[in-house]
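Topology and contacts: notes
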Amino acid sequence: MPIEMRGVAVGAGEEPDFIVLNDVNWSVAAGEFWVIGAPHHSGKSDLLMTTAGLMPPVGGSYKFYGKKTRIFDESRLADRLRMGIVFEQSQLFHYLTVGESIALPLQYHQNLKEDEAMAAIDDLLHATDLKPLADALPSNLPQNWQKRAGLARALALRPDILLADNPLGALDSRHSRWWRRFLDELSRGHKWLNEKPLTIVATTDDFRPWRGSRLKFALLKEKNFVPLGSWNDLLSSDEPLVKELLTAPVLAVEEEES
Amino acid sequence: MPNAEWKWKRPNEKFFDGAGEPFYFTPSRTLIVRGKLASFFRSEKQWLRRAPLPRTYTDYLGRKLFTVLLTAQGIGAFALITLAVIVRKFNVASAVIHPMTRREIVRAGVRLLPMYLFVAVALGFLAIGQTVAVAARLGAFDYIGTVMVTVIVRELGPLVSAVLALARVGTANVIELGTGRALGSVEALEAAGIDPIHYLVVPKVIGMTLGVFSLTVYLIITALASGYLFVFLQNAPLTPTKYFAELAISLGWQDFVLLAVKSCAFGFFIGIVTCYHGLAQPLRLEDVSRVTVRATTECIFVCVLIDALFFVLYLRA
């Protein structure tokens with residue numbers, strides 16, 4: 001089991017003593033694709049950072065591939081590299097070009113020269129359509145493409161698990177569709193990952209773009225982690241917050257007005 | 001909360017505002033980065049900074065003293081960790097780190113050379129030229145070597161080099177690292193399993209150390225040469241042979257050793273303090289300018305302390 005949490009308490013990233021999630025009981029099997037929904041500032045990023053081993057759980061037990069984990073320090077480097085993380089704000093290295101940013105993890109961990117690392121990520125750049133932008137600095141790119149570069153960087157080391165923090169947030173519809181399609185491909189097994197299905201955990205503040213029969217959904221509500229089940233379970237849920245996350249905000253206002 | 005009854009409390013102790021509603025005092029932002037850098041989070045320091053205004057001067061001085069001690073502790077620990085990483089990971093990811101280190105040496109050394117040469121010529125004209133001219137009037141040529149060695153080789157050369165390197169490269173380091181920290185690229189490094197100290201700090205510290213050392217040597221040689229040029233232009237009765245012989249007599253082996261150690265110490269600690277302030281504390285973009293000023297001030301303070309330490313060593317040598 002890649003991820004197994006029992007009674008985990010998650011602290012806020014900026015205020016670690018402030019608990020944002022209590023008693024998280026959650027298991028993610030290999031190849032599963034989870035989408036965790038919640039409004040802003042409900043602890044989605046904090047849960048992902050805890051799962052990623054960047055923040056220790058405040059309480060409870062977190063096991064990563066069966067090994068008890070708090071943070072991934074240097075002795076757990078191999079485990080850390082099994083996980084790729086896509087940050088909500090991309091968080092690219094502002095002094096490196098897109099190509100250099102994506103190649104850096106590979107270059108660092110496999111001690112490759114720059115041209116060797118760039119050659120190694122060529123397929124990834126093609127797969128993510130970033131090849132023409134490889135020499136651009138992040139500050140010259142629109143956010144849509146920065147986010148895609150963040151995804152490519154997370155995939156550079158061919159991880160087993162991908163954690164994506166609100167990957168569809170602030171994307172236009174074209175890029176949003178591309179992400180959904182690409183994440184589905186990754187989940188089924190992409191050529192870059194040697195056809196091995198990728199375990200994915202994504203967070204969102206809007207369930208609508210995530211329609212899919214293979215996906216599993218969960219909700220963060222009032223400091224609780226609530227597993228919801230499949231898309232059909234989501235649609236039949238009476239939970240008001242689920243309904244809110246399934247409703248376009250603009251439409252909701254229009255309905256109220258009408 | 002204007003009606004709140006503020007009391008000076010430990011982190012996470014409960015406050016009560018004016019309406020009797022409880023709220024908690026927590027340290028501001030903490031590190032998301034949990035590796036080595038986590039040890040630099042000092043809730044006590046945040047607590048001291050956020051505490052209400054002191055009521056007495058002793059209270060104020062006490063707080064300042066504690067802040068200074070905590071900062072010194074943080075910088076000392078950061079320096080030791082950086083040294084350990086330099087030794088332990090010298091050959092780790094060498095294809096990435098070694099070229100970066102060479103780039104930093106160029107940045108902190110070679111690129112500053114024109115400015116240093118200009119300053120060295122000016123220093124030679126002003127300090128040496130004036131001193132020799134006065135010595136010529138008094139007929140005290142026997143002391144010229146001692147004065148030159150004491151003023152230029154032991155004191156002004158290393159200190160001026162350090163301050164110039166701080167101004168040109170040290171401040172840029174704080175801004176570069178602080179911006180990266182505020183934009184979350186340090187967390188991204190950690191997420192990719194890249195040690196931020198190895199990747200960001202080690203090249204800068206090595207570059208700054210070797211840069212300041214080399215530039216100090218260039219500055220001293222150029223200043224001594226330009227000083228004699230000024231003397232020559234003033235027609236002072238001092239031949240080049242006598243001038244350089246005086247210098248050679250006054251220079252001992254301790255001067256070479258202590259000069260090397262001192263200039264390396266200046267470079268190392270400027271690198272450490274600037275990286276510490278840029279990296280080891282949680283930052284927002286608006287904090288970067290404040291932190292840069294703070295780092296610059298602390299660097300000058302540290303350089304003066306090192307200088308004082310070497311002054312004692314020179315006296316004993």
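Not measured: the values here are computed from a predicted model.

Points about the overall build of chain A
Looking only at helices and strands, chain A features ten helices and ten strands. Relative to a compact globule of 258 residues, whose C-alpha radius of gyration would be 18 Å, chain A shows 18 Å and is just as compact. At a minimum sequence separation of 6, the contacts of chain A that also span at least 24 residues come to 65%.

With respect to the overall build of chain B
Of the regular secondary structure elements, chain B holds ten helices and two strands. When the helices and strands of chain B are placed in sequence order, the string is β-β-α-α-α-α-α-α-α-α-α-α. A burial count over chain B gives 40% of its 317 residues as buried. Restricting to contacts in chain B with at least 6 residues of sequence separation, those with at least 24 account for 81%.

Some details on the packing of helix α7 (residues 196–233) of chain B against helix α9 (residues 253–279) of chain B
All names here are of chain B. Interhelical geometry of α7 versus α9 gives an angle of 145 degrees and a closest axis separation of 8 Å. For the element pair α7 and α9, the recorded crossing hand is right-handed. On α9, the residues touching P196, L200, V201, K204, V205, M208, T209, G211, V212, F213 and T216 of α7 are A260, S263, C264, F266, G267, F268, I270, G271, I272, C275 and L279.

Considering the interface of chain A and chain B
On the side of chain B, 23 residues touch chain A, which itself brings 29 residues to the contact. Breaking the side of chain A that touches chain B down by element, the ones donating at least two residues are α2 (77–80) and α3 (98–110) of chain A. Broken down by element, the residue count for the side of chain A that touches chain B peaks at four residues, all from α3 of chain A. Its residues placed into classes, the side of chain A that touches chain B shows 16 nonpolar, seven polar and six charged.

Observations concerning the nonpolar core
Core analysis: the biggest nonpolar cluster contains 141 residues, and A165 and I270 of chain B have the highest contact counts within it. If we ignore the near neighbours within four places in the chain, the residues touching I270 of chain B are A162, A165, L166, G170, M208, V212 and C299 of chain B.

Overview of the environment of L215 of chain A
Residue and element names in this part refer to chain A. Relative to the elements of secondary structure, L215 occurs in strand β9 (residues 215–221). Distance from L215 to D160, taken between C-alpha atoms, is 17 Å for residues 55 residues apart in sequence. Each residue touching L215, except ones within four places of it in the same chain, is listed here: F33, V35, W210 and W231.

Thoughts on unusual backbone geometry
Keep in mind that most residues, glycine aside, have a negative phi and that most peptide bonds are trans. Residues and elements named next belong to chain A. Even without being a glycine, H41 presents a positive backbone phi close to 60 degrees. Here H41 lies in the loop between β3 (33–37) and α1 (44–51). With a phi close to 50 degrees, N111 is a non-glycine residue in the positive phi region. Structurally, N111 is set in the loop between α3 and α4 (114–120). Accessibility expressed as a C-beta count within 10 Å gives 16 for N111, which makes it partly exposed.

A word on the environment of A295 of chain B
All names here are of chain B. In this structure, A295 sits in helix α10 (residues 288–316). Placed 197 residues apart in sequence, A295 and H98 show a C-alpha to C-alpha distance of 26 Å. Those residues in contact with A295 that sit more than four places away from it in its chain are V174, V273, T274 and H277.

Comments concerning helix α5 (residues 144–182) of chain B
L156 of chain B marks the point of greatest bend in α5 of chain B, at about 45 degrees, and the proline P158 of chain B comes within the next four residues. Downstream of α5 of chain B by a residue or two, G184 of chain B has a phi angle that is positive, lying close to 85 degrees.

Considerations on the environment of I121 of chain A
Residues and elements named next belong to chain A. Here I121 lies in the loop between α4 and α5 (122–127). Owing to 27 C-beta atoms within 10 Å, I121 belongs among the buried residues under this scheme. Separated by 36 residues in sequence, I121 and L157 place their C-alpha atoms 9.5 Å apart. Among residues more than four places away in sequence, those in contact with I121 are I102, A103, L106 and A156.

Let's talk about the packing of helix α4 (residues 113–138) of chain B against α5 of chain B
Residue and element names in this part refer to chain B. Across the interface, α4 lies against α5 with an axial gap of 11 Å and an inter-helix angle of 155 degrees. Viewed along their axes, α4 and α5 adopt a mutual orientation that is roughly antiparallel. When you trace α4 past α5, the crossing you get is right-handed. Across from M115, Y116, V119, L123, A127, I128, T131, V132 and A135 in α4, the residues of α5 making contact are I144, V147, M148, V151, I152, L156, V160 and L164. Considering only residue class, the contact of α4 with α5 consists of 16 nonpolar, one polar and no charged.

Points about the pairing of β9 of chain A
Residues and elements named next belong to chain A. Burial within β9 is extensive, with six of its seven residues counted as buried. Taken together, the five bridges between β3 and β9 define a ladder with parallel strand orientation. Note that in β9 the partner of F33 across the bridge is L215. Two strands pair when backbone bridges link them, and β9 and strand β10 (residues 224–229) are joined in this way by five bridges, in the antiparallel orientation. Residue pairing for β10: L219 is matched across the bridge by V226.

Thresholds, definitions, all that
Residues numbered from 1 in each chain as written. Chains lettered and ligands numbered in written order. Predicted model: local features only at pLDDT ≥ 70, side-chain atom pairs only at ≥ 80, totals over all residues. Helix = DSSP H or I, 4+ residues; strand = E, 2+ residues; numbered from the N terminus. Rg over C-alpha atoms; globule rule 2.2 N^0.38 Å. Contact = placed C-beta atoms within 7 Å. Buried ≥ 20, exposed ≤ 12 C-beta atoms within 10 Å, placed from the backbone. Axes fitted to C-alpha atoms, helices over the stretch in contact; angles between N-to-C directions. Left-handed = near helix turned anticlockwise from the far one by under 90°. Nonpolar A, V, L, I, M, F, W, Y, C, P; charged D, E, K, R; others polar. Core = buried A, V, L, I, M, F, W, Y, C linked by C-beta atoms within 7 Å. Bend = angle between axes of the 7 residues up to and from the residue. Parallel < 35°, antiparallel > 145°, perpendicular 65-115°, else oblique. Pairing = 2+ DSSP bridges.

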